[in-house]
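# Examining the three-dimensional arrangement
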Amino acid sequence: MRRFLRIEDIESIKPFHCGDATLDGFLLEDARFFYDEFIANTFVLEDDKETIAYFSLLNDKVSKTTVPKNLWRKLKNEFPHEKHFSSYPAVKIGRLAVSERHQGERIGTMLVRSIREMLLRRASVGACRFITVDALIGKKTFYERIGFRLLQNEVPKDADTVLMYFDLKAFTEK
């Protein structure tokens, strides 16, 4: 039977291998520390034998100083003039990984949908308008397919990640 748990409710983390040592290491070595230090909250999908997938969330912002001017104008125009600020609240997907055994089962898509629903229900203490992610270059098309857009004009050729965002408000208006 599959269970969806917060890291603080898990006594010991079941085996997990997603094919990326950094993502494996975060769950097995750092997720509890990040929770204890109020840096990120991690959520785990597991069954009786293994960890199937996980994601971690942390606070972020979409800011005038970090977004190209043309994109900032577009984002800013989503708000009434009297509500133009220099930044808007966001939640960042710090990590998202699916075990190798379960890749291709659309679990990553299900997890992002769960995050979106959690935030739309305002299940957390803070409010946010955007979801952001520093997507690994190899996962860019996955995030694009589920509605994320680039938060930068160009991706440097040597970049390992690309900053992307999802507008929660736009989703509620569909």
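Here, the structure is the one placed above.
Remember, it's a predicted structure, so these values are computed and weren't measured experimentally.

With that settled, the discussion passes to the sheet that holds strand β6 (residues 149-150). Judged by pairing direction, the sheet is mixed, and its seven strands sit side by side in the order β1-β2-β3-β4-β5-β7-β6 without closing on themselves. Whereas interior strands pair on both sides, the edge strands pair on one side only; in this sheet they are β1 (3-6) and β6. One ladder, built from four bridges, connects β1 with strand β2 (residues 41-46); its direction is antiparallel. Across the sheet, residue L5 finds its bridge partner in β2, namely V44. Packed on one face of the sheet, helix α3 (residues 107-120) meets β1, β2, β3 (51-63), β4 (87-98), β5 (130-136) and β7 (161-167) and runs near 45° to β3.

On to the packing of aromatic side chains. Throughout the structure, instances matching the rule amount to 14 aromatic pairs. For the ring pair F4 and F55, a centre distance of 5.7 Å and an interplane angle of 35° mean the geometry is tilted. Of the two residues, F4 is situated in strand β1 and F55 in strand β3; the sequence distance between them amounts to 51 residues. Judged by relative accessible area, F4 falls into the partly exposed class, the value being 40%. Ring geometry for F130 against Y165: centres 5.9 Å apart, planes inclined by 75°, an arrangement best described as edge-to-face. With F130 in strand β5 and Y165 in strand β7, the pair connects residues that are 35 residues apart, well separated along the chain. Under the relative-accessibility criterion, F130 is labelled buried at 1%.

Procedures and definitions
Residues numbered from 1 in each chain as written. Predicted model: local features only at pLDDT ≥ 70, side-chain atom pairs only at ≥ 80, totals over all residues. Heavy atoms only, no water. Pairing = 2+ DSSP bridges. Helix = DSSP H or I, 4+ residues; strand = E, 2+ residues; numbered from the N terminus. Contact = heavy atoms within 4.5 Å. Axes fitted to C-alpha atoms, helices over the stretch in contact; angles between N-to-C directions. Phe/Tyr/Trp six-rings, centres within 6.5 Å; stacked < 30°, edge-to-face > 60°. Buried < 20%, exposed > 50% of the residue type's maximum accessible area, 1.4 Å probe, protein only.

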